[in-house]
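Geometric and topological summary
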Amino acid sequence: MPGRLRARFSRSDQLTERPDFALVGVLRVPQEQTSPGFAIARRIGYAFAALILAVLVVYLDRDGYRDSQGSELSLLDCIYYATVSLSTTGYGDITPFTPQARLINILVITPLRVFFLIVLVGTTLSALTESSRQAFKIQRWRRRVRNHTVVIGYGTKGRTAVDAMLGDGVPPSEIVVVDTDPVVLESAAGQGLVTVQGSATKSDVLRLAGVQHAAAVIVAANRDDTAVLVTLSAREIAPRAKIVAAIRESENTHLLRQSGADSVVISSETAGRLLGIATTTPNVVEMIEDLLTPEAGFAIAERDVDPSEVGGSPRHLKDIVLAVVRDGRMWRIGSPEVDALEANDKLLYIRLVGSPPGAMRG
């Protein structure tokens with residue numbers, strides 16, 4: 001069975017072997033939004049820079065130029081020559097020979113020519129520029145991406161997971177969303193997230209998302225069998241990444257564990273428990289919602305043990321400690337194994353959102 005699954009994962013269209021320009025539309029790296037006025041002003045600045053460079057080149061080599069009257073070129077002549085050359089207007093049949101006429105040509109006629117070119121081919125140039133720029137951004141991103149988080153699926157669970165990470169201060173550029181729906185990917189890109197369009201059951205799509213260099217992978221697929229396949233493939237590609245998967249049915253938990261998931265969240269049963277609790281103790285549900293909401297109120301956080309706390313009991317700290325993590329295993333408060341804190345322990349505690357670690361102490 002594992003051999004057949006591995007063979008299935010290896011069959012793909014090899015996205016990672018495509019050149020960067022061929023990935024435009026599949027992999028999307030967001031860019032900073034600028035106003036149209038600023039973009040136009042920047043392009044005009046580039047045009048003036050090119051014009052000044054052309055004038056400087058012609059002026060330094062002005063002894064090699066002559067006008068139709070056989071005279072040496074002045075600075076104004078050099079500007080005129082550069083202007084008509086860059087605008088692809090040409091010269092020779094009708095040429096202004098007085099300084100006034102040439103000055104008018106520079107200040108009036110040339111801007112009109114540039115405006116005409118912008119209206120005529122501006123859209124095409126913009127599309128080509130955007131495609132080239134996106135290809136360059138993809139190339140640079142693939143070379144530099146490290147220790148990011150890959151979110152598989154951008155449905156309700158995936159969006160909520162991303163909102164929680166953003167609420168905890170994770171930069172959007174460090175989150176990659178993989179989904180097959182271009183509509184939801186457009187929504188993710190609007191939040192500044194990197195997006196990859198494709199099926200995460202294909203190992204090549206996961207490699208394109210940088211799973212091999214990721215610190216964490218969140219599997220928020222709509223089907224449990226899909227979650228199992230994605231988890232197995234992700235674990236094969238990234239043996240050291242932390243993989244968290246969500247499933248609907250608890251009977252599939254062992255399959256996710258065997259596939260390599262570090263943590264498994266049972267979405268349907270968790271929601272069912274909250275619904276049952278809400279009928280008798282709604283305030284408890286409200287407090288749980290407060291703990292799970294990253295924007296305000298309280299949150300569950302993790303911190304290292306302070307040197308002054310080593311040897312003491314976690315129950316006697318001023319922080320509200322829920323559990324102690326030791327050697328990768330979590331122990332709840334009250335367990336005799338963690339009655340005395342050690343130097344390498346980590347504490348799971350409740351903190352006020354927006355406050356630094358330990359702000360509730362004292």
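Quantities reported herein were computed from a predicted structural model and do not represent experimental measurements.

Thresholds, definitions, all that
Residues numbered from 1 in each chain as written. Predicted model: local features only at pLDDT ≥ 70, side-chain atom pairs only at ≥ 80, totals over all residues. Heavy atoms only, no water. Pairing = 2+ DSSP bridges. Helix = DSSP H or I, 4+ residues; strand = E, 2+ residues; numbered from the N terminus. Axes fitted to C-alpha atoms, helices over the stretch in contact; angles between N-to-C directions. Buried < 20%, exposed > 50% of the residue type's maximum accessible area, 1.4 Å probe, protein only. Expected span 1.5 Å × (residues − 1). Arc of directions from axis to C-beta. Contact = heavy atoms within 4.5 Å. pLDDT = per-residue confidence, 0-100. Salt bridge = Lys/Arg side-chain N within 4 Å of Asp/Glu carboxyl O. Polar contact = N/O pair within 3.5 Å; in protein donor to acceptor, adjacent residues only side chain to side chain.

Moving on, we come to the sheet that holds strand 8 (residues 298–304). A sheet is described by the order of its strands in space; here 4 strands give the open sequence 8-11-9-10, paired in antiparallel fashion. The open sheet is flanked by strand 8 and strand 10 (329–332), the only strands paired with a single partner. Going across the sheet, the axis of each strand differs from the next one's by a mean of 30 degrees, ignoring polarity.

Side-chain alternation along strand 8 places A299, A301 and R303 on a buried face and F298, I300, E302 and D304 on a face that remains uncovered. Both strand 8 and strand 11 (residues 346–352) contribute to a ladder of 7 bridges, which runs antiparallel. By the bridge assignment, A301 is partnered in strand 11 with Y349.

Looking now at the pairing of strand 7 (residues 263–266). The alternating pattern of strand 7 places V264 and I266 on a buried face and S263 and V265 on a face that is not buried. Pairing geometry for strand 6 (residues 242–247) and strand 7, over 4 bridges, is parallel. Looking at the pairing, V244 lines up with S263 of strand 7.

Bringing helix 5 (residues 156–167) into the picture now. The end-to-end C-alpha distance of helix 5 is 16 Å, a good match for the 16 Å that 12 residues give at a rise of 1.5 Å each. Those residues of helix 5 that fall on the buried side of the exposure criterion are G158, A161, V162 and M165. Down the axis of helix 5, the buried side of the element spans an arc of 100 degrees, and every buried residue falls inside it. Buried residues along helix 5 sit against strand 2 (149–152), strand 3 (175–179) and strand 5 (216–219). The positive-phi residue at the C-terminal boundary of helix 5 is G169, with phi of around 95 degrees.

On to the confidence of the model for the chain, then. Here the chain shows a mean pLDDT of 78. Residues at 70 or above account for 75%. The least confident element of the chain, judged by mean pLDDT, is helix 1 (residues 2–10) at 41; the most confident is strand 2 at 96. Counted against residues more than four places away or in other chains, residues 1–12, with its pLDDT under 50, gives 13 contacts.

Inspection of every chain in the model, using the stated rule, returns 9 salt bridges. Here the salt bridges share partners, and the residues they tie into one network are R303, D306, E309 and D319.

With mixed pairing, 7 strands are arranged side by side in an open sheet as 1-4-3-2-5-6-7. Only two strands of the sheet have a single neighbouring strand rather than two, namely strand 1 (27–28) and strand 7. The sheet contacts of helix 6 (residues 182–190) involve strand 1, strand 3 and strand 4 (194–197), and relative to strand 4 the element is tilted by about 170 degrees. Helix 8 (residues 224–237) rests against strand 2, strand 5 and strand 6 of the sheet, and its axis sits at about 175 degrees to strand 6.

All of the buried residues along helix 6 are V184, L185, A188 and A189. Take helix 6 and look down its axis: the buried residues cluster within an arc of 145 degrees, on one side only. In helix 6, the exposed residues that point more than 90 degrees away from the buried face are V183 and G190. Tucked inside the fold, the buried residues of helix 6 contact strand 1, strand 3 and strand 4. Regarding helix 6, its N-cap is D181, as a side-chain oxygen of that residue lies 2.9 Å from the backbone nitrogen of V183 further along.

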